[in-house]
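Now for the letters of each chain:
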Amino acid sequence: MGDITALVMPKFGLAMLEGKVAAWLKAEGEQVSAGEEVAEIETSKITAALESPAAGTLRRIVAPAGETLPVGALIGLLTDAATPEAEIDAFVAAAQERFAEAMASRVSEVAPEPTRLDTPLGTINVLEAGPADAAAVVLVHGFGGGLDNFLFLQPALAGRYRTLALDLPGHGGSTKTLPGTSPEAMAGAIGALLDARGLERAHLVGHSLGGAIATAFAAAHPGRSASLTLISPAGMGEEINTGYITAFLAARRPKALTAALETLFADPSLVSREMVDAILRFRRLDGVEAALSALAAANFAEGRQKIALRATLAGLSLPLAVIWGREDRVIPAAQAEGLAPPERLHLLDHVGHMAHLEQSAEVARVIGEIAG
Amino acid sequence: MSRKSFRQAINEALRQEMERDPTVVLMGEDVAGGMGAAGEQDAWGGPLGVTKGLLQHFGRERILDTPITESGFIGAAAGAAVTGLRPVAELMFVDFMGVCFDQIFNQAAKFKYMFGGKAKTPMVIRTMYGAGFRAASQHSQCLYPIFTHIPGLKVVIPSSPYEAKGLLIQSIRDDDPVIFFEHKVMYDLEEEVPDEPYAIPFGEANFVREGDDVTIVAFGRMVGFAAQAADAVAKAGISCTVIDPRTASPLDLGSILESVRETGRLVVVDEASPRCNLATDISAAVAEQAFEALKAPIRMVSPPHAPVPFSPALEDLYVPSVARIEAAVRATMSAGARRAA
């Protein structure tokens, strides 16, 4: 009698209540090793791979591709080739019964909602998770992004930290009036958020343009910055793929935007139709077009970055980590060289510009190392 | 962001544009409610409650009840538009529009052209259309093809609450006369609609689904039906692109042609009567401009050429159904297969 390992609908991110089995990457009867990708799961935000929790044979696919199920529902199971079918049937029946009971007693689950804070800079939209008395971690997205970019990283940190993912001005649910277009001016949003929440200090995590903004904040307010983690930051070298930014701003059709967004990821299949629609909708909000164009023009042009924060970063004395995907096609990973001591420099294989979405567990581990 | 009905989405668009621009005014039958009678302020909020709550916010100076004289108040709206306001007139049922054709066709649509481009006519006529409401043949028509025929008018047919809000905001900001069609059975349809104002540009089709085998073009209420049909045939391995042009005028023919050149098959779904409707118009344009790309005859899904029946059973048969769209998709696939063989 073999051990049976259940494969269940994973929970990717705080807001995920259900997911769709987009595709099985293994067929029934195939061997699977621990950590190997067995299925693609589509959520309302992104498509991501389900990694096998154990080694074994995929003996049963309970949810065929195309099926949508709540988080935690049985979608398949692993065991060894010798386990009799009857035992598998019994396992499936028992698991489904337990899950049905659990669902029935579950108080109707509500995804956490962001809060819109009134600040001197205007409305700042923030999604908070984690214990209120824990050390604060502020998550700062990049150009054209939003707090949703942290949907995997934030839950991975929320057990230990009070996490605050904000929409920068010009983005998401925040004011569309920019405090300025430079990283220094945009950094005001971090200060406004900390003030509005009565926080003196926070660990800062910044991605891409958000990395430049977090760096500028740390330079202006060393006392309020406990540590700095940069993910593919802007401002650390001249080169940038402005073709991506141009394509992103020009795309009107889902197809064109999908093609642009695929540049961000090492594995382009991570781009889901829902992600594309959400960005197209965001771009139509009053003021967004003007804000994004102004930010792009001020910071990037013709294959070059107009901002230079390398010297600023070198002058900072706070715990620092830099994470960069080796397959970053927006800002080349070569710019990571010399930014931080070697043990604090993490170049990730099979990762593009979005390490926090592509390898959130590794990014959370690095933040944990320097934030303590 | 929160879930809003089609009705709430339209109300929010009106409210936000009135807040943003003091020249926006509303006029129509019972939009203020009660015709000035005491105790009946905002009694109705328009015949289907779309403008409810706006009177208290903006007052009787900007929310104007009109007599049941369509030719009068539509003419007044056109005049107000050329003299500096942005009126949004509610004309209960599009079926009644016939009595003010002169104001729309010969006045509003022509001012810009007859005054050498020096006049602009930023007016919106919101109106209800469509069958399925058990309202019989005089209150159920889809008359948007008639307005699409007239140069100088813009014709907007939103397919969901999200689309309705963004397209109505664009309609109000547009400097030309816009006829904005609201399907009366869609008012309670709900979906996520951003709280902030946003505009959806005219003449830019929405790709509701993207597939390889068949292009389905549909308008208004039929867009949701077409998406359901696409999902149903997907189980049989047929992948469809579903295009919602959003506006019949201007029409994003470029996107339709581009898609047909990819798929080689076209189904056009139109709830309007089958002669000289949007389905025939689009089919003709595709046959003329992309004939070489077609692998099978174009299929049109429209009601029969008859007034909308009052009998519920007949009315249900009259309206194009998901099943009929599915059948049309399968027909284009098998016709293509025969030709290939």
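Since this is a predicted model, take the numbers as computed values, not measurements.

The subject of this paragraph is empty space enclosed by the protein. By the definition in use, this model includes four cavities of 30 Å³ or more. Each pocket or cavity is described by its volume, and for the largest cavity that value is around 60 Å³. In terms of lining, the largest cavity is formed by Pro47, Leu48, Val50, Glu90, Met92, Arg126, Thr127, Met128, Glu182 and Tyr187 of chain B. Class assignment of the residues belonging to the lining of the largest cavity gives a composition of six nonpolar, one polar and three charged. Taken together, Phe12, Ala15, Met16, Thr43, Ser44, Lys45 and Leu151 of chain A make up the full set of residues lining the second largest cavity. For the lining of the second largest cavity, a count of residues per class yields four nonpolar, two polar and one charged.

What follows covers helix 8 (residues 273–284) of chain A. Residue pairs three or four apart in sequence face the same way in an α-helix, which turns once every 3.6 residues. Relative to the 16 Å expected for twelve residues at 1.5 Å per residue, helix 8 of chain A spans 17 Å between its end C-alpha atoms, a close match to the ideal helical length. Where helix 8 of chain A is concerned, the buried positions are Met275, Val276, Ile279, Leu280, Phe282, Arg283 and Arg284 of chain A.

What follows covers the sheet that holds strand 2 (residues 18–24) of chain A. Residues and elements named next belong to chain A. Overall, antiparallel pairing links the four strands, which are arranged 5-4-2-7 in an open sheet. Edge positions in the open sheet fall to strand 5 (47–51) and strand 7 (68–70), since each of these has one partner strand only. The mean inter-strand angle of the sheet, taken between neighbouring strand axes irrespective of direction, is 40°. The sheet contact formed by strand 4 (residues 37–42) and strand 5 spans five bridges and is antiparallel. Bridged to glutamate 42 within strand 5 is threonine 47.

Moving on to the pattern of salt bridges. Note on pairing: side chains with opposite charge can pair once their charged atoms come close. Within the structure shown, the criterion is met by 44 salt bridges over all chains. For glutamate 292 of chain B, the salt bridge is made with arginine 261 of chain B, and the minimal N-O distance between the two is 3.9 Å. One end of the pair, glutamate 292 of chain B, is in the loop between helix 10 (278–289) and strand 14 (299–301); the other, arginine 261 of chain B, is in helix 9 (residues 253–263), and 31 residues separate them in sequence. Looking at glutamate 292 of chain B, the relative accessible area reads 60%, which means it is exposed. Linked by salt bridges that have partners in common, Arg59, Arg60, Glu85 and Asp89 of chain A make up one network.

Right, let's get into the layout of surface pockets. All names here are of chain A. Of the volumes computed, that of the second largest pocket is approximately 700 Å³. In terms of lining, the second largest pocket is formed by 25 residues, of which the most central are Ala49, Glu51, Leu357, Glu358 and Gln359. When contributions to the lining of the second largest pocket are tallied by element, the ones reaching two or more residues are strand 4, strand 5, helix 2 (153–157), helix 11 (355–358) and helix 12 (360–371). At five residues, strand 5 tops the list of elements feeding residues into the lining of the second largest pocket. For the lining of the second largest pocket, the residue count by class is twelve nonpolar, six polar and seven charged. Per-domain counts for the lining of the second largest pocket show at least three residues from each of domain 1 (5–105) and domain 2 (115–371).

Turning to the domain arrangement of chain A, a few remarks are in order. Residue and element names in this part refer to chain A. When cut into domains, chain A gives domain 1 (5–105) and domain 2 (115–371). Centre-to-centre, using C-alpha coordinates, domain 1 lies 33 Å away from domain 2. Counting residues at the interface gives eleven residues for domain 1, matched by 13 residues for domain 2. Between domain 1 and domain 2, a total of about 1,000 Å² is buried, with carbon and sulfur atoms accounting for 67% of that surface. Linking domain 1 with domain 2 are zero salt bridges, by the criterion used here. Remark: the boundary between domain 1 and domain 2 carries one residue pair in polar contact (both at pLDDT 80 or more).

With that settled, the discussion passes to the interface of chain B and chain A. Opposite the 19 residues of chain B that make contact, chain A presents 14 residues. Together chain B and chain A conceal approximately 1,500 Å² of surface at their shared face, both sides included; 36% is due to carbon and sulfur atoms. Looking at the side of chain B facing chain A, the largest losses of area belong to Tyr162, Glu196 and Glu210 of chain B, adding up to 37% of the total buried there. Across the chain B-chain A interface, the total number found is seven salt bridges.

Quick look at the side chain of histidine 141 of chain A now. Residue and element names in this part refer to chain A. Position of histidine 141 relative to the elements: it lies in the loop between strand 11 (136–140) and helix 2. Among the polar contacts made by the side chain of histidine 141, one reaches the main-chain amide nitrogen of glycine 146 at a distance of 3.5 Å. When neighbours within four sequence positions are excluded, histidine 141 is seen to be in contact with Gly146, Leu147, Asn149, Phe150, Leu166, Asp167, Leu168, His171, His207 and Gly210.

Let's shift gears to the nonpolar core. Core analysis: the largest hydrophobic core is formed by 128 residues, its most contacted members being Ile75, Val138, Leu228 and Leu261 of chain A. Per-element tally for this core: the top contributor is helix 5 (residues 209–220) of chain A, with seven residues. Within the second largest apolar cluster, 51 residues are counted, among which are Ile74, Ala89, Ile150 and Ala293 of chain B.

Definitions and cut-offs
- Residue positions are given per chain, counting from 1 as you read along its sequence in written order.
- In the order they appear in the text, chains get letters beginning with A and ligands get numbers beginning with 1.
- The predicted origin of the model limits local features to residues at a pLDDT of at least 70 and limits the giving and counting of side-chain atom pairs to 80 or more, whereas totals for whole chains, interfaces and linings rest on all residues.
- Hydrogens and water are ignored here; the side-chain numbers use all heavy atoms of the structure.
- Lining residues are those with an atom within 4 Å of a point, where the points come from a 1 Å grid over the protein atoms alone and group into cavities, where a 1.4 Å probe fits but cannot get out, or pockets, open sets with protein on both sides within 12 Å along at least five of seven lines.
- Grid points are joined across faces, edges and corners, and a volume is the space filled by probe spheres set on the points.
- As a working rule, the residues Ala, Val, Leu, Ile, Met, Phe, Trp, Tyr, Cys and Pro are called nonpolar, Asp, Glu, Lys and Arg charged, and the rest polar, with Gly in that last group.
- Numbering of helices and strands starts at the N terminus; helices are DSSP runs of H or I of at least 4 residues and strands are runs of E of at least 2.
- By definition here, a helix of n residues has an expected span of 1.5 Å times n minus one.
- Partly exposed describes any residue whose relative accessible area lies between the buried limit of under 20% and the exposed limit of over 50%, with all areas from a 1.4 Å probe on protein chains only and scaled to the type maximum.
- Between any two strands, pairing holds if DSSP finds at least two bridges.
- For helices, the fitted line uses only the C-alpha atoms of the stretch in contact; every axis is such a line through C-alpha atoms, and the angle between N-to-C directions lies from 0 to 180 degrees.
- We define a salt bridge as a contact between a side-chain nitrogen of Lys or Arg and a carboxyl oxygen of Asp or Glu at a distance within 4 Å.
- Each domain's limits were defined by an automated method or a database of domain assignments.
- In this description, contact between two residues means that some pair of their heavy atoms is separated by no more than 4.5 Å.
- Summed over both partners, buried area is the accessible surface (1.4 Å probe) that two parts give up on being assembled.
- Each polar contact in these results corresponds to two N or O atoms within 3.5 Å; when the atoms are within protein, one needs to be able to donate a hydrogen and the other to accept it, and residues that are neighboring in sequence are counted only if both atoms are side-chain atoms.
- Among buried residues, the Ala, Val, Leu, Ile, Met, Phe, Trp, Tyr and Cys ones that are joined through side-chain atoms within 4.5 Å form a nonpolar core.

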